[in-house]
Amino acid sequence: MNNLNSLSDPSLHIDKRIQVQDSKLVLQNRLRLKTTIDCVKWLAMQACAFRGHDESSESSNRGNFYEMLKYTASINENIAEVILENAPRNAKYTSPDIQKEILNILATRVRNKIREEIGDAKFCILVDEALDESNKEQMVIVLRFVNRDGFVQERFFYVVGVDETSAKTLKKGICNVLTRHNLQVENMRGQGYDGASNMRGAWNGLQALFLKDCPYAYYVQCFAHQLQLALVAAAKDVPDVWKFFSKLNSIVNLVAAELADMLASGELATGKGANQSHSLQRPGATRWGSHFGAVSKLIEMFTVAQTVLESISKNGLNNNIRGEANGAYNSTKSFQFCFLLFLLNEVMGITDCLCQVLQRKSQDIINALDLVSATKCNLQKLRQDGWDAFIGDVTSFCISNKIDMPNMSTHYKEGTGHSCQQNDNITIEHYYRIDLFNAIIDFELLELDNRFTERTTGLLVLSSALNPVDGFKSFKIDDICSLASEFYPGDFTQVEMGNLRRQLKLYEYDVFNNPKFQNLTSLSELCRRLVETGKVSIYFLIDRLVRLVLTLPVSTATTERAFSAMKLVKTTLRNKMEDGFLADCLVIYIERELARNIDSNSIINDFYSIKNRRAPLK
C-alpha cells in the first residue's frame, strides 16, 4: 500500500527528485559564486591586493581574497556550507583566473553604464600619460559629456599601456578604445591634454591628427593646470636655460639644508620685518609657481646664499658636498648666471599674474583672455624696448655683488674657445641680447600662442555669451548665432540656424524674467534648470548649443586623480600587474559608485554565458 501511495504522489517521482536536487545544486553554486563576486568587488573598490604571499591552506595569512572569504563564512552559516573546503573541486570559484574573469565582467559592466550615460551625446576626451610603478608608460583616457539630466560628467574610462609616445601611437590606442565601445570620433567635441608634460610636442601632434578626423574636436587650454610649468618647459628649449635650472636646483638644495642651522646659531642675521631671511623655495616639478618663487627668492637672498655656499665649500661633511657647493658658489659668481636669473625673474614675473588668474575656480573668460593679450603685449614690449633698462639692472646687481662684467663689444667665444667650435663671428652683446634675451622671450610668446590660438580664443569669447551669471549680462544673440555657425556648423542645419535665432529672441523674454532662472552661477546650472523646468523641449536648439559648450575641456584634474589612484592599485608589491587587469581594477575603484550598484546576479549570468561551465548556474 505504501509503494502504491508513493507511485501515486507526483512529487516523489524520480524525475521530480532529480529536478529538486538540480535546483538545490544551482542555488549552492550561485551562492558560492556570489560570495566570490562580492569579495572581488569589495577588494577592487578599496584598491586592495587580491593575492597573498602564501595562499596554501596551511598558511596563517592566505591573502586578502581568501581571508575575506573566511571572514564571510564565519558570519554566515549558509555561505560556510558551500565555500572553500566544502566546495566541489571543479567549482570552487577561487582561482586567480576566475577572480580576473569576474573583475573583467564587473569592469565591462561599469564601462557599459558609462556608455549608456553618454548615449547619443557629444563627448570630449581628456588624456594624460605617466610612468607606473614598473616604469611603463600608461595613458589615461577620461570622457567628458553632459548626461540627459544636464549634469556635466567626467568619467574615467580606460588606461592603456603604450610602448612609445608618438602622436600616431597615442591616437591608435585612443581610437581602439573608442571603437571597441562604439564611440565615434566624429562625435568628439573637445580634447584636453597636459601641456606641461615632457610630451608637449606629442600632444600637439595628437591634437592635429584628431582635428583632421573631426574639425570640431577643439582643444582648450586647461585653466586649472599650471601654465607656469609649460612656460618653464618652453624656456628650457634654450640649452643655457636648462643648465641654469640645473644649477638653481643644486643651489637651493644646498642652501635650504644649511640655512636654518646657520640662522639658529647666529652665524647669519635674519634682518627685520619683511626683510627677514627664511629659506629658498625649491622649484618643484608640479608645484604651481615654484619656479618663479625660487628665482625671485634667490635674488632677494643672493648675498646670504653666497655666504652659505662658501661656508659649505669649506666646512661641508664630505668631499662630494664640498665639491658641489664650490661649483654652485662659482656659478653665482658668473655674469651669465646672474643675467639668466634676472631675465627669468622678469619673464616669469610678467606671466605669473596670468598663471594665477587661470588657476581660479571661477573663471571670467573675457577678463582672462584680455589678460592673455596683455601678457603677450608686455612680453613683446620687453623684447623690443626693454633691453637697455634690463641690462642696466643686471650691471648694477653684478657691481654691487662684485661679479666681473664682460666687455660686451668683444668677440664671443663658444665652448672652450677653439676655432672649430665657433659658428659665427658675434660679439658678447649679440649673444646675450639675441641668443638669450630675445630667444627666451620668443619661446614664451610661441608657447602662449600655441595654448591660446586665435580660433580657441574666439570660441571662448563667443561661448561667454551663453553664461547666465549676473542676470545674463553677457547675453548677445548675434554672438550666440555666430558661435553655432562658425564653430559648430556640423551640429546645426541651415534651417536650424534660423530657428535658433527665433528661439533666442523668445528665450530672452521668457527665461530672463522667470524666477526659476534667477541667480544662476554657471552654464552647467542653466543646463540642469532647462531640464528641470521642461523648457528644454521649447528651447532645444539652445540646449544643444549649451551642451556643446559644456563638453569643452576645462581641466585635466580628473586624469591627475586617476594617476593618484594608479599609485594605490599598482604598488611596489603589485608591479607585475598586466595592463588589462590594471585597467579593470582602476575603473572599478575610480567609478565605484557605478560598480556598487551592479547586481551580483547579472554578473553571474554574464559569467555563465561567456563559456561552458562544469557546474550548473541556471
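Treat the numbers as computed from the prediction; the structure is a model and nothing was measured. (Residues numbered from 1 in each chain as written. Predicted model: local features only at pLDDT ≥ 70, side-chain atom pairs only at ≥ 80, totals over all residues. Heavy atoms only, no water.)

### A word on the overall build of the protein chain
Then, in step 1: Secondary structure summary: the protein chain contains 26 helices and four strands in total.
Then, in step 2: Looking at the protein chain alone, contacts between residues at least 24 apart form 70% of all its contacts between residues at least 6 apart.
Then, in step 3: By element, 49% of the accessible surface of the protein chain is carried by carbon and sulfur atoms, the whole surface being about 30600 Å². (Helix = DSSP H or I, 4+ residues; strand = E, 2+ residues; numbered from the N terminus. Contact = heavy atoms within 4.5 Å. Areas by Shrake-Rupley, 256 points an atom, 1.4 Å probe, with all protein chains shown as cover.)

### Quick notes on the sheet that holds strand β1 (residues 123-131)
Then, in step 1: Strand order in the open sheet formed by four strands is β3-β2-β1-β4, with mixed pairing between adjacent strands. Single-partner strands in this sheet number two, and they are β3 (152-161) and β4 (188-193). Strand-to-strand twist of the sheet, defined as the mean angle between neighbouring strand axes without regard to direction, takes the value 20 degrees.
Then, in step 2: Where β1 meets β4, four bridges bridge the pair, whose relative direction is parallel. Within β4, the position partnered with F123 by the bridge is M188.
Then, in step 3: Lying over the sheet, helix α6 (residues 167-180) contacts β1, β2 (137-146), β3 and β4, oriented at roughly 50 degrees with respect to β2.
Then, in step 4: Running over the sheet, helix α24 (residues 579-590) touches β2 and β3 and is turned about 165 degrees from β3. (Pairing = 2+ DSSP bridges. Axes fitted to C-alpha atoms, helices over the stretch in contact; angles between N-to-C directions.)

### Regarding the pattern of salt bridges
Then, in step 1: What the rule picks out here adds up to 26 salt bridges.
Then, in step 2: When the shortest N-O distance is used, the salt bridge between K34 and D38 registers 3.1 Å. Here D38 and K34 lie together in helix α2 (residues 14-45), a separation of four residues that amounts to about one turn.
Then, in step 3: Under the relative-accessibility criterion, K34 is labelled partly exposed at 32%.
Then, in step 4: Between D478 and R501 there is a salt bridge whose closest N-O contact spans 3.0 Å. In this pair, D478 is assigned in helix α19 (residues 477-487) and R501 in helix α20 (residues 494-510), connecting sequence segments 23 residues apart.
Then, in step 5: Of the residues examined, R501 reaches a relative accessible area of 31% and is grouped as partly exposed.
Then, in step 6: One salt-bridge network, held together by shared partners, links E117, R155, E591 and E593. (Salt bridge = Lys/Arg side-chain N within 4 Å of Asp/Glu carboxyl O. Buried < 20%, exposed > 50% of the residue type's maximum accessible area, 1.4 Å probe, protein only.)

### Considerations on the nonpolar core
Then, in step 1: Formed by 185 residues in total, the largest nonpolar core has its most connected members in F339, Y488 and L545.
Then, in step 2: Per element, the largest residue contribution to this core is 13 residues, and it comes from helix α13 (residues 335-358).
Then, in step 3: For F339, the residues in contact, after removing those within four places along its chain, are W387, F390, I391, V394, Y432, L436 and F437. (Core = buried A, V, L, I, M, F, W, Y, C linked by side-chain atoms within 4.5 Å.)

### Looking at the side chain of E55
Then, in step 1: Summarising the element assignment, E55 is placed in the loop between α2 and α3 (64-75).
Then, in step 2: A relative accessible area of 18% places E55 in the buried class.
Then, in step 3: Of note is the side chain of E55, whose polar atom sits 3.1 Å from the backbone nitrogen of G52.
Then, in step 4: Once residues lying within four places of it in the same chain are set aside, the contact partners of E55 are F50, R62 and Y66. (Polar contact = N/O pair within 3.5 Å; in protein donor to acceptor, adjacent residues only side chain to side chain.)

### Section: the packing of aromatic side chains
Within a pair of aromatic rings, the relevant descriptors are the distance that separates the centres and the angle that separates the planes.
Then, in step 1: Here the structure, examined in full by the defined rule, presents 25 aromatic pairs.
Then, in step 2: Judged by centre distance (6.0 Å) and plane angle (65 degrees), the ring pair of F50 and F581 falls under edge-to-face. Taken as a pair, F50 in the loop between α2 and α3 and F581 in helix α24 lie far apart in primary sequence, 531 residues in all. Comparing F50 with F581 shows no difference in burial state: the two are buried.
Then, in step 3: Grouping aromatic residues by their ring pairs yields a cluster made of F335, F339, W387, F390, Y431, Y432 and F437.
Then, in step 4: A cation over an aromatic ring shows up here: K100 above the ring of F581, its NZ or CZ 5.3 Å from the ring centre.
Then, in step 5: A cation over a ring is seen here: R592 above Y589, with NZ or CZ 4.6 Å from the ring centre. (Phe/Tyr/Trp six-rings, centres within 6.5 Å; stacked < 30°, edge-to-face > 60°. Lys NZ or Arg CZ within 6 Å of the ring centre and 35° of its normal.)

### Side note on the confidence of the model for the protein chain
Then, in step 1: Per-chain confidence: the protein chain averages 83 in pLDDT, with 83% of residues scoring 70 or above.
Then, in step 2: By mean pLDDT, the top-scoring element of the protein chain is helix α5 (residues 96-118) (95), and the lowest-scoring one is helix α1 (residues 2-8) (54).
Then, in step 3: The low-confidence segment residues 11-20 (pLDDT under 50) makes seven contacts with residues lying over four places distant or belonging to another chain.
Then, in step 4: pLDDT under 50 marks residues 270-277. Its contacts with residues more than four places away, or in other chains, come to 11 contacts. (pLDDT = per-residue confidence, 0-100.)

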